[in-house]
Amino acid sequence: MDVTMVQAADNNLRLVIDYVTGAGDLADIDGPHTVQSSNPTIASVLSQADGPDQHHVVIYELHPVAGHAVLSGSADADLGAGTRMLSWSFDLNVLAEEAVGVQVSMGELIPK
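Procedures and definitions
- Within each chain, residue numbers correspond to sequence positions counted from 1 in written order.
- Only residues with pLDDT of at least 70 get local features here, since the model is predicted, and only at 80 or more are side-chain atom pairs given and counted; chain-wide, interface and lining totals rely on the full set of residues.
- Only hydrogens and water are removed before side-chain values are computed, so all heavy atoms of the structure are retained for them.
- The helix and strand labels rest on DSSP assignments: H or I over at least four residues marks a helix, E over at least two residues marks a strand, and numbering proceeds from the N terminus.
- Within these notes, the globule rule equals 2.2 Å times the number of residues to the 0.38 power, and the radius of gyration is based on C-alpha atoms.
- For each residue, the accessible area found with a 1.4 Å probe, counting protein chains only, is set against the maximum for its type, and the residue is called buried under 20%, exposed over 50%, and partly exposed in between.
- Residues count as neighbours in contact if any of their non-hydrogen atoms are within 4.5 Å of one another.
- At least two DSSP bridges between two strands are needed for those strands to be called paired.
- The convention used is that axes are lines fitted to C-alpha atoms, helices contributing only their stretch in contact, and that angles between N-to-C directions extend from 0 to 180 degrees.
- Distance and chemistry together define a polar contact, namely a pair of N or O atoms within 3.5 Å, with one atom able to donate a hydrogen and the other to accept it when in protein, and with adjacent residues in sequence counting only for side-chain atoms on both sides.
- Nonpolar cores were defined as sets of buried Ala, Val, Leu, Ile, Met, Phe, Trp, Tyr and Cys residues, with membership established by side-chain atoms within 4.5 Å.

A. Region of interest: the overall build of the chain. Secondary structure assignment for the chain yields 0 helices and 7 strands. Reading the chain from its N terminus to its C terminus gives the helix and strand order β-β-β-β-β-β-β. The globule rule puts the C-alpha radius of gyration for 112 residues at 13 Å, and the 20 Å found for the chain is more than 25% above it. Projected onto its principal axes, the C-alpha positions of the chain cover 85 × 25 × 20 Å. Looking at the 112 residues of the chain, the share that counts as buried comes to 29%. Taking the intrachain contacts of the chain between residues at least 6 apart in sequence as the baseline, contacts between residues at least 24 apart amount to 60%.

B. How the structure looks around the sheet that holds strand β2 (residues 13–17). The strand order β2-β5-β4 describes an open sheet built from 3 strands, whose pairing is antiparallel. Here the strands that pair on one side only, and so sit at the sheet edges, are β2 and β4 (43–50). For this sheet, the mean angle separating the axes of adjacent strands, direction not counted, is 20°. Two elements, β4 and strand β5 (residues 56–62), share 7 bridges in a ladder whose sense is antiparallel. Paired with V45 across the bridge in β5 is Y60.

C. Expanded view of the side chain of S44. With respect to the helices and strands, the residue S44 is situated in strand β4. The class of S44 is buried, set by a relative accessible area of 18%. A polar side-chain atom of S44 sits 2.9 Å from a polar atom in the side chain of H63. With sequence-adjacent residues up to four places away left out, S44 is seen in contact with I59, Y60, E61 and H63.

D. Local environment of the environment of T41. With respect to the secondary-structure elements, T41 resides in the loop between β3 (30–37) and β4. As for T41 and S74, which are separated by 33 residues in sequence, their C-alpha atoms are 22 Å apart. Residues in contact with T41, not counting those within four places in the same chain, are H63 and V65. Within the structure, T41 has its side chain in polar contact with the side chain of N39 (distance 2.5 Å).

E. Highlighting the nonpolar core. Of all hydrophobic cores here, the largest spans 18 residues; its most connected members are L13, L15, Y60, L71, W88, F90 and L92. With 4 residues, strand β7 (residues 85–95) is the single largest residue contributor to this core. Residues in contact with L92, not counting those within four places in the same chain, are M5, Q7, L13, A43, L62, G67, H68, A69 and L71.

Such coordinate-based values are descriptive only and should not be taken to indicate function.
As structure tokens, this is what we get:
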């Protein structure tokens, strides 16, 4: 799975990872998932957990810095003694937050 996304840095990013059979049904995996970010100054793994029905949920924290990171992960799809890794990757371009309003406040008075 290769995906590209552009996202503002003012949110965290929640990904739900599903490993599926050839028929598109949810599949079990053998052992833990691995997830990472190629650039933790842009996006870092905040949390990950197995959800219901074989869903794996990963929360990436997006930092207030513009830039690019590749989010990726893998898991062992061979339910027996062997290993057959399935991998995914996600190109993420984070945009710096832009001004969306104006705030004006009065400072202290300056004598004449």
